[in-house]
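The lines below spell out each chain.
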Amino acid sequence: MATEEAKEKVKAIAKEKKKKVVSPGDLTIDPASMKMIERSRELDVETIFDRAETMKPCNIGIQGTCCKNCAQGPCRLPLPKSGIQGEDTRKGLCGATPETIAARNFARMVAAGAAAHSDHGRGVAETFLAAARKETQDYKIKDTNKLLEIAPDFGVDITVEGENGEILDRDIDEIAVEVGERALAQWGQQTGEVCTVKRAPAPRYELWKKLGVIPRGIDREIVEIMHRTHMGVDQDYENLVMQCTRAAIADGWGGSMIATDLQDVLFGCPYPLKSSANLGVLKQDHVNIIIHGHEPLLSEMIVQAAELPEMLELAKEKGAKGIQLAGICCTANEILMRHGVPLAGNYLQQELAIVTGAVDAMVVDVQCIMESVANVAQCFHTKIITTNPRARIASGDVLHIEFDEHTAFEDAKKIVRTAIENFPNREKEVIIPDNDSDLIAGFSYEAINYHLGGTFRASYTPLNDNIINGRIRGIAGVVGCNNARTSLDSGHITIVKELIKHDVIVLTTGCNAIACAKAGLLTPESAKVFCGPGLAEVCEAVGIPPVLHMGSCVDNSRILMAATKVVKTGGLGNDISELPVAGSAPEWMSEKAISIGHYFVASGVYTVFGVTLPVSGAPKFEHHLYKELEQIYGGMWDMEPDPIKHAHKMIAHIDKKRKALGIDRARERVLMSMADRRELEAA
Ligand code: NFS
Ligand code: SF4
């Protein structure tokens, strides 16, 4: 017994030591998060930041070469310490090579990611159809302009021929029902093509057709990955990557794109608006409700419910001054983009939000919700409310209030009421960090069109012109998660700042967008401070931030559409692969990020991931992703954990494309004239 006690003591001391060793400043660059990590330690509340110290990743899994696809394994094939000399003889029991194993694991990540985005899209399509058929009172077709714009892509006519051969507008309700039906059919379709894929630039579409990678139906391609990666099926990594491409295109140009389209029609296409970001948006004297997860179906209703006078009254009755909504993860982005609801934080801040002691309810739906929020909440009065039958939490004391699109508003009211009633139960001292940053968000690809082109000549021409004349060096899509294996927001902010400093305009979504918001990069004023002279000039002239917030992760489809629009506007080549663009996910962690990365690559974009990529244990497969794919798609994968090198790899690729387009000289002239101008000004 005595020895047991001694052991416990040693453990406790070691634990203490660890806590002291890793200072919050090494865990994040975000001041609000630093304060809350500190606070969690004071209160002895364990968070992911502590667990990241006590549990290190597995050296074999991290290389992508652990296979557990059958009960003869797990077969583990790490690279030998001395590297591979001569022939690579590593094999699983069945003979699977490291290439096969890593490619199968990679493919399953694509499948899971594409499934997550696309199942979200399916939910939207179902609700859309219910709204179009008027089976629910709670959702309505809001943005009829966008409906008319997308209908032809779904093969739905927007006009009809009248009795005398005249062209008449079709009934909008009829159009909506047909679009809903056609959209929903894309999931279960067995043959043919997912219809929205045709939106890609023609040469891209033709290339995919030639390669045979156009998805037949969204679900089908995901299921086929699961089949092919079952024990003893597809054992050719190149062939597996082809199937990854089909499923990833089914996500980016299918499931995600349809989700974005239909959400815009239901809830309105986003246009620029002001708001603020970081934990400082929470209010001591208000009922604070955090909406966390991904689907706007739920959060849209909660936004409405929280605005009801009866809710405000109830809040006052309970001693609060009002109700403060704030978002975490992509739900945050959805309600920010359309309603200006402030961002509480990104993925790694979900536990920290609860640590403020000010969150009366955290309402979650699907994806990126850490099970540990349930445990952290137990140390506070916070109620965690799950709402989706797909996503329940067994840990802790979690409330489940199921959300149904047919009774959506009633469900939302119940949720808001539960949060309000919990306000008087706050038990611990409330400590809210005083950090919140101003931001401008809402740059749908339609909004960029409008903003850059002006009211009367909405177009992408000014953007193209500024790329051609060299003021803007190129475009970067920087997206993705936080990852507890790297300092929170550090990779995001270092990379984005390095890009804009070198005149690369940044399009952002997901948790990168939230990181940029917190760092003040989503304001027009930041252009002067952080941008190179060319980009600063454009931002100041047009009044836009150098980093354009385009929405949630399913809205990466907006980036694809923006790139397509740039191609179609002309002067920068005939395909996305010819554009001076690059993609990046500096702190990725989710399987969705892999699906996104792969559809960017297949669309012709050089795409760099930070932190790590589970392919390093399979050199031939890695080479295929990093090098050979460029020959096939004009886009390829890369991995670079060092943020500055990461940014410069992207810039080098952008410069390579400028050179191929013959516009590299223009940039030299612009920069020269800027320098000349400065000299003149100084004189
Ligand atoms: Ni995207 Fe959005 Fe964030 Fe990563 Fe998760 S919230 S869907 S997956 S963690 S960016
Ligand atoms: Fe091992 Fe092959 Fe089974 Fe994988 S599929 S666990 S490599 S025997």
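Keep in mind that what you see is a predicted model, and the values were worked out from it rather than measured. (Residues numbered from 1 in each chain as written. Chains lettered and ligands numbered in written order. Predicted model: local features only at pLDDT ≥ 70, side-chain atom pairs only at ≥ 80, totals over all residues. Heavy atoms only, no water.)

### Focus: the site of ligand 2
So, step 1. Around ligand 2, the neighbouring residues are Cys67, Cys70, Gln72, Gly73, Cys75, Gly92, Leu93, Cys94, Ala96, Ile101, Arg104 and Met231.
So, step 2. Its residues assigned to classes, the shell around ligand 2 shows eight nonpolar, three polar and one charged. (Near = heavy atom within 4 Å. Nonpolar A, V, L, I, M, F, W, Y, C, P; charged D, E, K, R; others polar.)

### Some remarks on the packing of aromatic side chains
So, step 1. Evaluation of the coordinates by the stated rule reveals nine aromatic pairs.
So, step 2. With 5.5 Å between their ring centres and 20 degrees between their planes, Tyr599 and Phe600 make a pair best called stacked.
So, step 3. Overall, Tyr599 belongs to the buried group, its relative accessible area being 0%.
So, step 4. A relative accessible area of 7% means that Phe600 is categorised as buried.
So, step 5. Above the ring of Phe380, the side-chain terminus of Lys428 is found at 5.1 Å from the ring centroid. (Phe/Tyr/Trp six-rings, centres within 6.5 Å; stacked < 30°, edge-to-face > 60°. Buried < 20%, exposed > 50% of the residue type's maximum accessible area, 1.4 Å probe, protein only. Lys NZ or Arg CZ within 6 Å of the ring centre and 35° of its normal.)

### Focus: the site of ligand 1
So, step 1. His294, Cys329, Cys330, Tyr347, Cys368, Gly480, Cys481, Cys511, Cys553, Met589, Ser590 and Lys592 make up every residue found near ligand 1.
So, step 2. In the shell around ligand 1, the residues fall into eight nonpolar, three polar and one charged.
So, step 3. Per-domain counts for the shell around ligand 1 show at least three residues from each of domain 2 (279–425) and domain 3 (437–661). (Domains from an automatic or database assignment.)

### Some words on the pairing of strand β7 (residues 323–328)
Side-chain direction in a regular strand flips from residue to residue, so the side chains alternate between the two faces of the sheet.
So, step 1. With six of six residues buried, β7 is to be regarded as a mostly interior element.
So, step 2. Here β7 shows two buried faces, one formed by Ile323, Leu325 and Gly327 and the other by Gln324, Ala326 and Ile328.
So, step 3. Of the pairings in the sheet, the one linking strand β6 (residues 287–292) to β7 comprises six bridges and is parallel in character. Its bridge partner being in β7, Ile290 is matched across the sheet by Ala326.
So, step 4. The sheet contact formed by β7 and strand β8 (residues 343–345) spans two bridges and is parallel. Within the sheet, the bridge partner assigned to Gly327 lies in β8 and is Leu343.
So, step 5. Between β7 and its parallel partner β8, the chain crosses via helix α13 (residues 329–339), and the hand of that crossover is right-handed. (Helix = DSSP H or I, 4+ residues; strand = E, 2+ residues; numbered from the N terminus. Pairing = 2+ DSSP bridges. Right-handed = clockwise from strand over helix to strand, strands pointing away.)

### Re the coordination of the nickel atom of ligand 1
So, step 1. One donor from the polypeptide reaches the nickel atom of ligand 1: Cys553 (SG), at 2.2 Å.
So, step 2. Classification of the site at the nickel atom of ligand 1 rests on its four donor atoms, whose angles at the metal span 90 to 166 degrees, yielding the label irregular.
So, step 3. By the element assignment, Cys553 lies in the loop between β15 (547–549) and α23 (556–569). (Donors = N, O, S within 2.8 Å, 3.2 Å for Na, K, Ca; no water. Tetrahedral: all angles 85-135°; square planar, octahedral: opposite > 155°, others 65-115°.)

### Structural notes on the domain arrangement of the chain
So, step 1. When its domains are assigned, the chain resolves into domain 1 (98–267), domain 2 (279–425) and domain 3 (437–661).
So, step 2. Domain 1 and domain 3 are separated by 24 Å when their C-alpha centres are compared.
So, step 3. Contacts between the two partners involve 41 residues from domain 1 and, on the opposite side, 41 residues from domain 3.
So, step 4. Buried surface at the junction of domain 1 and domain 3, summed over both partners, amounts to about 3,300 Å²; 66% is from carbon and sulfur atoms.
So, step 5. Of all residues in domain 1, Phe106, Met109 and Arg204 bury the most surface against domain 3, accounting for 20% of the area lost on that side.
So, step 6. At the boundary of domain 1 and domain 3, one finds three salt bridges.
So, step 7. Measuring nitrogen to oxygen at the nearest pair gives 2.7 Å for the salt bridge that ties Glu446 to Lys146.
So, step 8. Here domain 1 and domain 3 share 17 residue pairs in polar contact (both at pLDDT 80 or more) between them.
So, step 9. Only α5 (98–132), α6 (144–150), α8 (202–211) and α10 (237–267) provide two or more residues apiece to the side of domain 1 that touches domain 3. (Contact = heavy atoms within 4.5 Å. Buried area = accessible area lost by both parts, 1.4 Å probe. Salt bridge = Lys/Arg side-chain N within 4 Å of Asp/Glu carboxyl O. Polar contact = N/O pair within 3.5 Å; in protein donor to acceptor, adjacent residues only side chain to side chain.)

### Considering the nonpolar core
Where a protein is soluble and globular, its nonpolar side chains tend to be buried together.
So, step 1. Grouped together as the largest cluster of nonpolar side chains are 173 residues, with contacts concentrated most on Val179, Trp208, Leu499, Phe621 and Trp637.
So, step 2. In terms of residues, this core owes the most to one element, α10, which gives 15 residues.
So, step 3. Residues contacting Leu499, with those up to four places away along its chain left out, are Ala476, Val478, Val504, Val506, Ala647, Met650 and Ile651. (Core = buried A, V, L, I, M, F, W, Y, C linked by side-chain atoms within 4.5 Å.)

### What about the side chain of Lys592?
So, step 1. You can see Lys592 is positioned in helix α24 (residues 591–602).
So, step 2. Among buried charged residues, Lys592 stands out as having no salt bridge; its nearest opposite-charge side chain is Asp365, 8.7 Å away.
So, step 3. The residues touching Lys592, leaving out its near neighbours within four places in the chain, are Gly113, Ala116, His117, His294, Gln367 and Cys368. (Lys, Arg positive; Asp, Glu negative; His and termini not counted.)

### A few points about the sheet that holds strand β17 (residues 606–609)
So, step 1. Reading across the sheet, the six strands line up as β15-β14-β13-β16-β17-β18 and stay open at both edges, with parallel pairing between neighbours. Only two strands of the sheet have a single neighbouring strand rather than two, namely β15 and β18 (637–639). When the angles between neighbouring strand axes are averaged without regard to direction, this sheet yields 25 degrees.
So, step 2. In the sheet, β17 pairs with β18 via three bridges, with the strands oriented parallel. Bridge pairing in β18 places Thr607 opposite Trp637.
So, step 3. Helix α26 (residues 643–661) rests against β13 (474–478), β14 (504–508), β16 (581–585), β17 and β18 of the sheet, and its axis sits at about 160 degrees to β16. (Axes fitted to C-alpha atoms, helices over the stretch in contact; angles between N-to-C directions.)

### Remarks on the side chain of His492
So, step 1. Within the secondary structure, His492 is located in helix α19 (residues 490–501).
So, step 2. Within the local environment of His492, its side chain forms a polar contact with the backbone oxygen of Cys481, the two atoms lying 2.6 Å apart.
So, step 3. Other than its neighbours up to four places away in sequence, His492 contacts Val479, Gly480, Cys481, Asn482, Cys511, Asn512, Ala515, Pro586 and Glu587.

### Some words on the pattern of salt bridges
So, step 1. In the structure shown here, the tally under the stated rule is 42 salt bridges.
So, step 2. Asp119 is paired through a salt bridge with Arg390; the nearest N and O atoms lie 2.8 Å apart. With Asp119 in helix α5 and Arg390 in the loop between β10 (383–386) and β11 (399–400), the pair connects residues that are 271 residues apart, well separated along the chain.
So, step 3. Residue Lys146 is joined to Asp261 by a salt bridge in which the shortest nitrogen-to-oxygen separation is 4.0 Å. Of the two residues, Lys146 is situated in helix α6 and Asp261 in helix α10; the sequence distance between them amounts to 115 residues.
So, step 4. What makes Lys146 buried here is its relative accessible area of 5%.

### A short note on unusual backbone geometry
So, step 1. Note the cis peptide between Gly73 and Pro74, where omega equals 0 degrees.
So, step 2. With phi around 60 degrees, Cys329 is a residue other than glycine that occupies positive phi space.
So, step 3. Inspection of the secondary structure puts Cys329 in helix α13.
So, step 4. Unusually for a residue other than glycine, Val611 sits at a positive phi of about 65 degrees.

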